Amino acid sequence: QVQLVESGGGLVQAGGSLRLSCAASGRSFGTYAMGWFRQAPGKEREFVATARRSSSITLYADSVKGRFTISRDSAKNTVYLQMNSLKPEDTAVYYCAAKRDYTNGYYRPEEYEYWGQGTQDTVSS
C-alpha cells in the first residue's frame, strides 16, 4: 500500500513558477513509476509527466515539454514537479500518482494504482 500526499500548489501569475511535491509512504518507492496528472473543470484527467523507477527516464505531455520538470528523490521518497513559464491553461487540480513500474503504459490514469488527494494550481492572466 502506498499513500501519496501532495503539497506546493497555489496562485501564481502567468509566466511565474510553482513547485509541487509528492511524499510517498510505504516501502519500495524505487519500484514505482511516479507521475503527475491534472484535471481542469469540466475536463478529463490528463497526463502531465512521469518519472520511471530509473529517474533518468522521464516522460512529458507535449503541452508541458520544456516548461515542466519532474524529478524524484529516493532518499526522501518524494517526487517533484517544477513548473515554469506557467500559462492560464495550466490551471487545474494536480494529482500525484504511482504505479509499479513493471509494465508499459504511463499516459492513462487507469494505469496508475495509487493517487494523492490533489492540489489546486491557479494561473492568473
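Predicted model, so just to flag it, every value in this text is computed and none were measured.

A tally of regular secondary structure across the protein chain gives 0 helices and 11 strands. Ordering the α and β elements of the protein chain from the N terminus gives β-β-β-β-β-β-β-β-β-β-β. Here the C-alpha radius of gyration of the protein chain, 13 Å, is about what a compact globule of 125 residues would show, namely 14 Å. Based on the C-alpha atoms only, the size of the protein chain along its principal axes is roughly 40 × 25 × 25 Å. Within the protein chain, residue pairs in contact and separated by at least 24 positions form 58% of the contacts whose partners lie at least 6 positions apart. With an accessible surface of roughly 6,400 Å², the protein chain has 46% of that area assigned to carbon and sulfur atoms. Taken together, the 15 basic and 12 acidic charged side chains of the protein chain have centroids lying 5 Å from each other.

Next up on the list: the state of the cysteines. In the structure shown here, the tally under the stated rule is 1 disulfide. Disulfide pairing is shown between Cys22 and Cys96; the S-S distance is 2.1 Å. As the torsion about the S-S bond is roughly -80°, the Cys22-Cys96 disulfide counts as left-handed. Pair noted here: Cys22 is in strand β3 (residues 18-25) and Cys96 is in strand β9 (residues 92-100), with a separation of 74 residues, a long-range link. Across this residue pair, the class does not change: Cys22 and Cys96 are buried.

As summarised here, the arrangement of the 4 strands in space is β1-β3-β8-β7, forming an open sheet in which the pairing is antiparallel. Looking at strand neighbours, the two that pair on one side only are β1 (3-7) and β7 (68-73), the edges of this open sheet. Adjacent strand axes in the sheet meet at a mean angle of 15°, parallel and antiparallel pairs treated alike. With 5 bridges connecting them, β1 and β3 associate as antiparallel partners. Bridge pairing links Glu6 to Cys22 in β3.

Tallied over the full model, the rule gives 8 salt bridges. Arg52 is the salt-bridge partner of Asp101, the closest N and O atoms lying 3.2 Å from each other. Remark: Arg52 occurs in the loop between β5 (46-51) and β6 (58-60) and Asp101 occurs in the loop between β9 and β10 (114-115); sequence separation between them is 49 residues. The class of Arg52 is partly exposed, set by a relative accessible area of 22%. Beyond isolated ion pairs, a larger network of salt bridges with shared partners links Arg38, Glu46, Arg67 and Asp90.

Attention now moves to the packing of aromatic side chains. According to the stated counting rule, one finds 7 aromatic pairs in the structure shown. Ring centres of Phe47 and Tyr107 lie 4.8 Å apart, and the angle between their planes is 70°; on these two criteria the pair is classed as edge-to-face. Here Tyr107 lies in the loop between β9 and β10 and Phe47 lies in strand β5, a separation of 60 residues in the sequence. We classify Phe47 as buried; its relative accessible area is 8%. Under the relative-accessibility criterion, Tyr107 is labelled partly exposed at 45%. Judged by centre distance (6.4 Å) and plane angle (80°), the rings of Tyr95 and Trp115 are edge-to-face. With Tyr95 in strand β9 and Trp115 in strand β10, this pair connects stretches of sequence that are 20 residues apart. Trp115 sits in the partly exposed class, given a relative accessible area of 28%. Members of the aromatic cluster, each reached through a chain of ring pairs, are Phe37, Phe47, Tyr95, Tyr107, Tyr112 and Trp115. The ring of Tyr95 carries the charged tip of Arg45 above its face, separated from the ring centre by 3.7 Å.

About the criteria used
- Counting restarts for each chain, with residues numbered from 1 along the sequence as it is written.
- Under the rules for a predicted model, residues below a pLDDT of 70 receive no local features and side-chain atom pairs below 80 are neither given nor counted, while totals for whole chains, interfaces and linings still include all residues.
- As a rule here, side-chain values come from all non-hydrogen atoms in the structure, and water together with hydrogens is ignored.
- Secondary structure elements follow DSSP: runs of H or I of four or more residues count as helices, runs of E of two or more count as strands, with numbering from the N terminus.
- The quantity called the radius of gyration is restricted to C-alpha atoms. Its globule counterpart is 2.2 Å times the number of residues to the power 0.38.
- By definition, residues are in contact when any of their heavy atoms lie within 4.5 Å.
- Note on areas: these come from Shrake-Rupley sampling with a 1.4 Å probe, and a residue is covered only by the protein chains present in the view.
- Under the convention used here, Asp and Glu are negative, Lys and Arg are positive, and both His and the chain ends fall outside the count.
- For charged residues, the charge sits on one atom: NZ in Lys, CZ in Arg, CG in Asp, CD in Glu.
- By definition, disulfides here are pairs of cysteine sulfur atoms that lie within 2.5 Å.
- Exposure categories follow from relative accessible area, calculated using a 1.4 Å probe and restricted to protein chains: below 20% of the type maximum is buried, above 50% is exposed, and the middle band is partly exposed.
- The rule for pairing is simple: two strands pair if DSSP sees at least two bridges between them.
- Here an angle of 0 to 180 degrees is reported between the N-to-C directions of two axes, which are lines fitted to C-alpha atoms, with helices fitted over the stretch in contact.
- In the sections that follow, a salt bridge refers to a side-chain nitrogen of Lys or Arg positioned within 4 Å of a carboxyl oxygen of Asp or Glu.
- Ring geometry is summarised as follows: Phe, Tyr and Trp rings, the Trp one being its six-membered ring, pair when their centres sit within 6.5 Å, and such pairs are stacked at plane angles under 30 degrees, edge-to-face over 60 and tilted between the two.
- Over a ring means this: the NZ of a Lys or the CZ of an Arg is within 6 Å of the ring centre and within 35 degrees of the ring normal.

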